[in-house]
Amino acid sequence: MKRRAILSVYDKTGLVDFARGLHELGFQLISTGGTEKVLRDSGVPVTPVAEITGFPEILSGRVKTLHPLLLGGILASRTDPQHMADLARHGIEPIDLVVVNLYPFEATISRPGVTLAEAIENIDIGGPTMIRAAAKNHAHVAVVTSPDQYPWVLDELRSRGGALSEASRSRLATDAFALTARYDAAIESYLRSLHEDKAAMPARLWACLDKVAELRYGENPHQRAALYAPHNAASMGLVGAQQLQGKQLSFNNYLDAQAALGLLLEFDEPCAVIVKHNNPCGVAVADDPLAAYRKALATDPVSAFGGIVGFNRRVTREVAEELSQLFLEVVLAPAFAPEALELLAKKKNLRLLALGDLRARAANGFDLKTIAGGFLVQDLDQEPSADFKVVSKRAPTEGEWQAMRFGWKVVKWVKSNAVVFVGSDRTLGIGAGQTSRVDSSRLAVMKAQTAGLTLKGSAMASDAFFPFRDGVDAAAEAGATAVIQPGGSVRDEEVIAAADEHGMTMVFTGVRHFRH
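Residues numbered from 1 in each chain as written. Predicted model: local features only at pLDDT ≥ 70, side-chain atom pairs only at ≥ 80, totals over all residues. Heavy atoms only, no water.

Moving on to the overall build of the protein chain. When its secondary structure is counted, the protein chain shows 19 helices and 21 strands. At 31 Å, the protein chain has a C-alpha radius of gyration far larger than the 24 Å of a compact globule built from 516 residues. Its C-alpha atoms put the protein chain at 95 × 55 × 40 Å along the principal axes. In the protein chain, which comprises 516 residues, the share counted as buried stands at 48%. If you take every contact in the protein chain between residues at least 6 apart in sequence, the share linking residues at least 24 apart comes to 54%. As displayed, the protein chain has an accessible area near 25000 Å², and 54% of this comes from carbon and sulfur atoms. (Helix = DSSP H or I, 4+ residues; strand = E, 2+ residues; numbered from the N terminus. Rg over C-alpha atoms; globule rule 2.2 N^0.38 Å. Buried < 20%, exposed > 50% of the residue type's maximum accessible area, 1.4 Å probe, protein only. Contact = heavy atoms within 4.5 Å. Areas by Shrake-Rupley, 256 points an atom, 1.4 Å probe, with all protein chains shown as cover.)

Residue position: leucine 343 is located in helix 15 (residues 338-344). For the pair formed by leucine 343 and alanine 207, sequence separation is 136 residues and the distance between their alpha carbons is 42 Å. Apart from the residues within four sequence positions on either side, leucine 343 is in contact with Arg317, Ala320, Glu321 and Ser324.

A few words on the sheet that holds strand 16 (residues 389-390). Strand order in the open sheet made by the 6 strands is 16-21-20-19-17-18, with mixed pairing throughout. The open sheet has two edge strands, strand 16 and strand 18 (427-431), and neither has a second partner. As defined by bridge partners, strand 20 (residues 482-485) adjoins strand 21 (residues 505-508) across 4 bridges and the pair is classed as parallel. Across the sheet, alanine 482 pairs through a bridge with threonine 505, a residue of strand 21. (Pairing = 2+ DSSP bridges.)

One recurring pattern in soluble globular proteins is that nonpolar side chains are buried together. Core analysis: the largest hydrophobic core is formed by 50 residues, its most contacted members being Leu22, Leu29 and Val98. A per-element tally of this core places helix 10 (residues 166-195) first, with 8 residues. Setting aside anything within four residues of it in sequence, one finds leucine 22 in contact with Ala5, Leu7, Phe27, Leu29, Leu97, Leu154 and Leu157. Core analysis: the second largest hydrophobic core is formed by 46 residues, Leu238, Tyr254, Leu355 and Ala459 among them. (Core = buried A, V, L, I, M, F, W, Y, C linked by side-chain atoms within 4.5 Å.)

Turning our eyes to something else, we now look at the side chain of arginine 4. Mapped onto the elements, arginine 4 comes out in strand 1 (residues 4-8). At 4.3 Å, glutamate 93 is the nearest oppositely charged side chain to arginine 4, a buried residue that forms no salt bridge. Polar side-chain contacts of arginine 4 include one of 2.5 Å to the backbone oxygen of glutamate 93. Those residues within four positions of arginine 4 in sequence are excluded, and the remaining contacts are Phe27, Gln28, Ile30, Ile52, Glu93, Pro94, Ile95, Asp96 and Leu97. (Lys, Arg positive; Asp, Glu negative; His and termini not counted. Salt bridge = Lys/Arg side-chain N within 4 Å of Asp/Glu carboxyl O. Polar contact = N/O pair within 3.5 Å; in protein donor to acceptor, adjacent residues only side chain to side chain.)

The subject of this paragraph is the sheet that holds strand 13 (residues 351-354). The strand order across the open sheet built from 6 strands is 8-13-12-11-9-10, with neighbouring strands paired in mixed fashion. Of all strands in the sheet, those with a lone pairing partner are strand 8 (242-245) and strand 10 (279-285), marking the two edges. Within the sheet, the average angular offset between the axes of one strand and its neighbour, ignoring direction, is 20°. Where strand 9 (residues 271-276) and strand 10 come together, 6 bridges link them in antiparallel fashion. Pairing of valine 275 across the sheet is with proline 280, part of strand 10. Across the face of the sheet, helix 11 (residues 251-264) comes into contact with strand 9, strand 10, strand 11 (307-311), strand 12 (328-333) and strand 13 while running at roughly 150° to strand 9. (Axes fitted to C-alpha atoms, helices over the stretch in contact; angles between N-to-C directions.)

For alanine 286, the position within the fold is in the loop between strand 10 and helix 12 (289-299). A relative accessible area of 14% means that alanine 286 is categorised as buried. Residues alanine 286 and proline 270 lie 16 residues apart in sequence; the distance between their C-alpha atoms is 5.7 Å.

This part takes up the packing of aromatic side chains. In the structure shown here, the tally under the stated rule is 8 aromatic pairs. A ring pair is formed by phenylalanine 105 and tyrosine 190, whose centres lie 5.7 Å apart and whose planes are at 80°; its orientation type is edge-to-face. Here the residue phenylalanine 105 occupies a position in helix 6 (residues 105-109), and tyrosine 190 occupies one in helix 10, the gap between them amounting to 85 residues. Residue phenylalanine 105 is classed as buried on the basis of its relative accessible area of 1%. Residue placement shows arginine 171 over the ring face of tryptophan 152; its charged tip is 4.0 Å from the ring centre. (Phe/Tyr/Trp six-rings, centres within 6.5 Å; stacked < 30°, edge-to-face > 60°. Lys NZ or Arg CZ within 6 Å of the ring centre and 35° of its normal.)

Okay, unusual backbone geometry next. Excluding glycine, a negative phi dihedral is what most residues carry, and trans is how most peptide bonds are arranged. A cis amide bond, omega -10°, links serine 416 with the succeeding residue asparagine 417. Note that asparagine 417 resides in the loop between helix 16 (398-411) and strand 17 (419-422). If you check the backbone angles, histidine 277 has positive phi at about 50° while not being a glycine. Within the element layout of this structure, histidine 277 appears in the loop between strand 9 and strand 10. Even without being a glycine, asparagine 278 presents a positive backbone phi close to 70°. Summarising the element assignment, asparagine 278 is placed in the loop between strand 9 and strand 10. On the basis of relative accessibility, which here comes to 13%, the residue asparagine 278 falls in the buried class.

Listed below in structure tokens is the structure:
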């Protein structure tokens, strides 16, 4: 029996070569509109759909393949006598191969200023119908939905006399249903966004993620892991960064790199950050990245060993020379000077990530966390315009204001409970992840003392309010003169009084930055 294939594609990449290969295998090619024209102009024999159906395309192409003479040929089970009798009675010939890809709805709605009318016109109807029909009947029909599938499909057809194996048809059907599921989810999400309450969380979230890479393991060697990205968005965010050298990034490397990137995005001036186990262990700004790195490293040089270093400026040879003195896992920056790459190439296992425009790498959408049986979904912690309020008797000096603003940017990226002692341009002591805020304060003091840094005249930043005055007392004892914190404790008056007793200045932000 002569084999027949229907081809109707928006993305015509590789179409002509694939169709020519099918023709050489003896397939009769049936096609529509623009696809038919491309094939005909390329000298590939093709039969118009209208010649099969006896009915022209109507409604500006909205209806062209929705016809029983086509869908019957796709859906008929070759092993069902009733189905085959129906085909014979109505003069329907079976279709063995469906080659379809869809109108670019997702690309259309991503364009700035796209209208509803434009979006509606890019909702494909006939394509998904044929895809689903062929996928349902994959026991007898193969469905090809991406130009990426053309090479291996054609190779197998050639090796098997024009037929695909059952396993291949099943694999193609699975991909087809994934495509239509994602396509419908994109349409639903777009239409819902037009009328849903913008102040409320979405009623539904669809997540279609493509595996970008297998990872060696997860947080620990016994855990499987892989890197995924939203479909057609693997070039975005940290996932799209260019790795210039080194081993494959690990699960933990990605987590730490994201923390470093988030911190870098807080600053416009040249900045260096050092991250270890998802916590910063040094952050500084300066006139140039080398000076920033030296100050950041001085915060906690012990913890920096085996860490991740990030810059918001190009890495120069001078910076690379100092980086090469320390064992590091990853260095990320917008770019690396050629001389820096040459020097760092000696450290073959060191991963170098070129980020390009950091702002383009910023996270968007929602923050998702898993729990047993579900997900917790929240907005990203992107602070609204802070309304800083001086609550102490003494107002901050300009230097204290500068230090507190710096500290407030850093403490946001430290695991709760978080307390950070800072100068106007650098971290001095970081207390992360303690179960009480006073313990975080004491840890930060201990870290500073271990590094040989003085906290005299420093500012303290806390990610949440002080439930008791003991944290402020610890800060004053260490030498801090300023405290910035959200406020909101039932003991705020007691905490403010402690600051006044010590002659400190205190500022409330009204915003909390827990990071669990």
